[in-house]
Amino acid sequence: MTTLYAYAGLFLSALIAATILPAQSEAVLAVMLASKAYPPLLLLAVASAGNILGAVINWFLGRGIEVFADRRWFPVKPDALRSATRWYHRYGRWSLLASWLPVVGDPLTVVAGVLREPFWSFLVLVSIGKIARYAVLAAIVLNWA
């Protein structure tokens with residue numbers, strides 16, 4: 001049962017980290033990888049699934065929430081939304097490969113929803129970026145641990 005809680009904690013930290021809320025899923029994943037108590041591929045799959053689901057939540061929020069962008073409680077700061085929108089207009093859907101980046105990555109996934117990026121292309125590009133980020137982290141941790 002403890003193992004299930006560990007995986008659930010990793011999943012939740014990755015999901016929360018992909019939303020606008022601050023969280024450090026990389027630290028959770030790194031500690032779990034370094035412990036060598038869990039299969040690395042399963043950890044990679046769980047973290048990636050949580051992080052991708054968080055981005056999907058952002059996309060759905062972007063589909064209908066932009067009408068509230070001027071409200072104080074809106075989860076994305078106006079400057080971050082403008083920056084992500086410029087990035088998105090400059091690089092198009094390919095900018096979603098950078099959805100793993102700090103600061104601009106999460107707003108990019110909201111902007112993709114606002115700008116009506118088709119769901120399937122969104123999902124594929126975000127998945128590639130987020131899985132690659134966790135795979136690089138896992139390679140670093142497993143080679144250093």
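An account of the accompanying structure is given in this report. No experiment lies behind these values; they were computed from the predicted model shown.

1. Remarks on the pattern of salt bridges
Next up, step 1: On inspection of all chains with the given rule, the structure shows two salt bridges.
Next up, step 2: Between Arg133 and Glu26 there is a salt bridge whose closest N-O contact spans 3.0 Å. With Arg133 in helix 6 (residues 119-144) and Glu26 in helix 2 (residues 25-35), this pair connects stretches of sequence that are 107 residues apart.
Next up, step 3: Taking the relative accessible area as the measure of exposure, Arg133 reaches 13% and is therefore buried.
Next up, step 4: For Glu26, a relative accessible area of 24% corresponds to the partly exposed category.
Next up, step 5: For Arg93, the salt bridge is made with Glu117, and the minimal N-O distance between the two is 2.8 Å. In this pair, Arg93 is assigned in the loop between helix 4 (78-91) and helix 5 (105-114) and Glu117 in the loop between helix 5 and helix 6, connecting sequence segments 24 residues apart.

Thresholds, definitions, all that
Residues numbered from 1 in each chain as written. Predicted model: local features only at pLDDT ≥ 70, side-chain atom pairs only at ≥ 80, totals over all residues. Heavy atoms only, no water. Salt bridge = Lys/Arg side-chain N within 4 Å of Asp/Glu carboxyl O. Helix = DSSP H or I, 4+ residues; strand = E, 2+ residues; numbered from the N terminus. Buried < 20%, exposed > 50% of the residue type's maximum accessible area, 1.4 Å probe, protein only.

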